[in-house]
Amino acid sequence: QVQLVESGGGLVQAGGSLRLSCAASGSIFSISVMGWYRQAPGRQREWVARIFPGGGNTAYANSVKGRFTISRDNAKNTVSLQMDSLKPEDTGVYYCNKFSATMKDYWGQGTQVTVSS
């Protein structure tokens, strides 16, 4: 079973940057499409970015396009999210998981991102 540990969150002012990391265990990581998700208080979890196994094919939610960059290192079983030009509406708990994951699947503890105005 894959285990996921997210890190790198924190408190930052609007316009600032953070880099999130996700360490994944499990032999299927390198062949899995991976994604970053976030959940703001009182809202449903939403997809933010995804990356194919080779790393060259990425996609982003419209709300973060041009500001966030997803990357992965298959040798280290990690996936990262560089977040620039942060906005208060980016506040939430950020999670990584396989892109096919549903709310019924295993999720890590997430990492809190708080953007102050």
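So, how was this worked out
- Residues numbered from 1 in each chain as written.
- Predicted model: local features only at pLDDT ≥ 70, side-chain atom pairs only at ≥ 80, totals over all residues.
- Heavy atoms only, no water.
- Helix = DSSP H or I, 4+ residues; strand = E, 2+ residues; numbered from the N terminus.
- Pairing = 2+ DSSP bridges.
- Axes fitted to C-alpha atoms, helices over the stretch in contact; angles between N-to-C directions.
- Buried < 20%, exposed > 50% of the residue type's maximum accessible area, 1.4 Å probe, protein only.
- Contact = heavy atoms within 4.5 Å.

A few points about unusual backbone geometry
Across the chain, the bulk of peptide bonds are trans and the bulk of non-glycine residues have phi less than zero.
Logical step 1: In this structure, Asn77 takes a positive phi of about 55° despite not being glycine.
Logical step 2: In this fold, Asn77 is placed in the loop between strand S7 (68–73) and strand S8 (78–83).
Logical step 3: Of note, Ser85 is a non-glycine position whose phi angle comes to about 50°, a positive value.

Some remarks on the sheet that holds strand S10 (residues 111–116)
Logical step 1: Overall, mixed pairing links the six strands, which are arranged S2-S10-S9-S4-S5-S6 in an open sheet. Each of the sheet's edge strands pairs with one partner strand only, and the pair in question is strand S2 (10–13) and strand S6 (58–60). Along the sheet, successive strands turn relative to each other by an average axial angle of 25°, direction set aside.
Logical step 2: Relative to S10, S2 is paired through four bridges, and the arrangement is parallel. If you follow Gly10 over to S10, its bridge partner there is Val113.

Side note on the sheet that holds strand S3 (residues 18–25)
Logical step 1: Read across the open sheet, the four strands follow the order S1-S3-S8-S7; overall the sheet is antiparallel. Here the strands that pair on one side only, and so sit at the sheet edges, are strand S1 (3–7) and S7. Across the sheet, the mean angle from the axis of one strand to that of its neighbour is 15°, orientation sign disregarded.
Logical step 2: Looking at chain direction, S1 and S3 are connected through five bridges and run antiparallel.

Brief notes about the environment of Thr114
Logical step 1: Of note, Thr114 is situated in strand S10.
Logical step 2: Look at Thr114 and you get partly exposed, because its relative accessible area is 28%.
Logical step 3: Counting along the chain gives 63 residues from Thr114 to Ile51, while the straight-line C-alpha distance between them is 24 Å.
Logical step 4: Once residues lying within four places of it in the same chain are set aside, the contact partners of Thr114 are Gly10, Leu11, Val12 and Thr91.

By themselves, these figures tell us nothing about what the structure is for.
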